[in-house]
Amino acid sequence: MASGLFVRIANEAISARGSFSVALAGGSTPRHLYSLLSSTDYNSKVEWSRVEFFFGDERHVPPDSDQSNYRMAKETLLDPLNISSNQIHRWQSERANAADAADDYETGLKAWFDRSGRPIDLVLLGLGDDAHTASLFPQTPGLLEIERLAVANWVEKLNSFRLTLTFSAINGATNVMFVVAGNEKAEAVRKVLEGEFRPDDFPAQFVNPESGNLFWMLDRAAASLLRNE
Ligand code: 6PG
């Protein structure tokens, strides 16, 4: 269960280093995980006051937009857990210039690395049916960014900028956890895990933590096309 693994990683970080930093995933799949973590079954399993919340990516929309990953997390996790605003590091996605928002986020991320003396403890990721992850979509400039930790990535098929951590930031994390569910993701899961190595077309294949742990939390439907389940 993704919730159990989340709690284990959080408590390991808190007991070892006094805090836990997590970059939340967006989209719809994590809603269930976040609602579970903030439910009475789980909300007392982690000392939430010691958790720093980042976001793996964000749409270039205001934070109160129904498209906002921040808004989704706020409604399902952050507000129900009464997380204080100084523990929440959201993208300034309301800024007209997406690149400025990315620069701002990168500055904040680096400040956390300096303060905590370590990379993010856990990056949560979803998977699109086109095998994108975070907002690193196939054949987009952000895939090739190796210097920056956070970028504004132009996504032609969405005709919009997306704000996203880069694979450098993701692969520098101590733990990376994909949470993927549903039949509609089965082919993307198969391509990423068992298909030809073509990361420009299947960007999630670029996720390969330098020294961290990689977890794939799949429901039976999303794993249904894998040869080696
Ligand atoms: C986003 C996410 C994105 C998401 C996948 C899967 O901003 O949408 O970061 O990478 O995880 O698109 O989305 P679903 O969970 O909605 O299928």
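Residues numbered from 1 in each chain as written. Predicted model: local features only at pLDDT ≥ 70, side-chain atom pairs only at ≥ 80, totals over all residues. Heavy atoms only, no water.

## Details of the sheet that holds strand β3 (residues 57–59)
Strands sit in the order β3-β6-β5 across an open sheet of 3 strands; the sheet is antiparallel. The two strands at the open ends of the sheet, each matched to only one other strand, are β3 and β5 (150–155). Strand-to-strand twist in this sheet, taken as the mean axis angle between neighbours without regard to direction, amounts to 25°. Looking at chain direction, β3 and strand β6 (residues 160–165) are connected through 3 bridges and run antiparallel. For R59, the partnering residue across the bridge sits in β6 and is R162. (Pairing = 2+ DSSP bridges. Helix = DSSP H or I, 4+ residues; strand = E, 2+ residues; numbered from the N terminus. Axes fitted to C-alpha atoms, helices over the stretch in contact; angles between N-to-C directions.)

## Looking at the nonpolar core
Generally speaking, nonpolar side chains in soluble globular proteins are found buried as a group. One finds F20, L124, I170 and M177 to be the most contacted residues of the largest nonpolar core, which totals 72 residues. Among the elements that line this core, the one with the most residues is helix α1 (residues 2–17), at 8 residues. Ignoring anything within four residues of it in the chain, the contact list for F20 reads F6, I9, A10, A13, I14, R50, V51, E52, R118, D121 and L122. (Core = buried A, V, L, I, M, F, W, Y, C linked by side-chain atoms within 4.5 Å. Buried < 20%, exposed > 50% of the residue type's maximum accessible area, 1.4 Å probe, protein only. Contact = heavy atoms within 4.5 Å.)

## Some words on the packing of aromatic side chains
Enumeration according to the criterion identifies 9 aromatic pairs in this entry. Aromatic side chains F54 and W112 sit 6.1 Å apart centroid to centroid with 55° between the ring planes, which places their arrangement in the tilted category. Residue F54 is located in strand β2 (residues 51–55), and its partner W112 is located in helix α4 (residues 98–116); the two are separated by 58 residues in the primary sequence. Grouping residues by exposure puts F54 and W112 together as buried. Plain terms: the ring middles of W91 and Y105 are 3.9 Å apart, the flat faces sit at 5° to each other, and that makes the pair stacked. Taken together, the residues span a long stretch of sequence, with W91 in the loop between α3 (69–78) and α4 and Y105 in helix α4 at a distance of 14 residues. Of the two residues, W91 and Y105, both sit in the buried class. (Phe/Tyr/Trp six-rings, centres within 6.5 Å; stacked < 30°, edge-to-face > 60°.)

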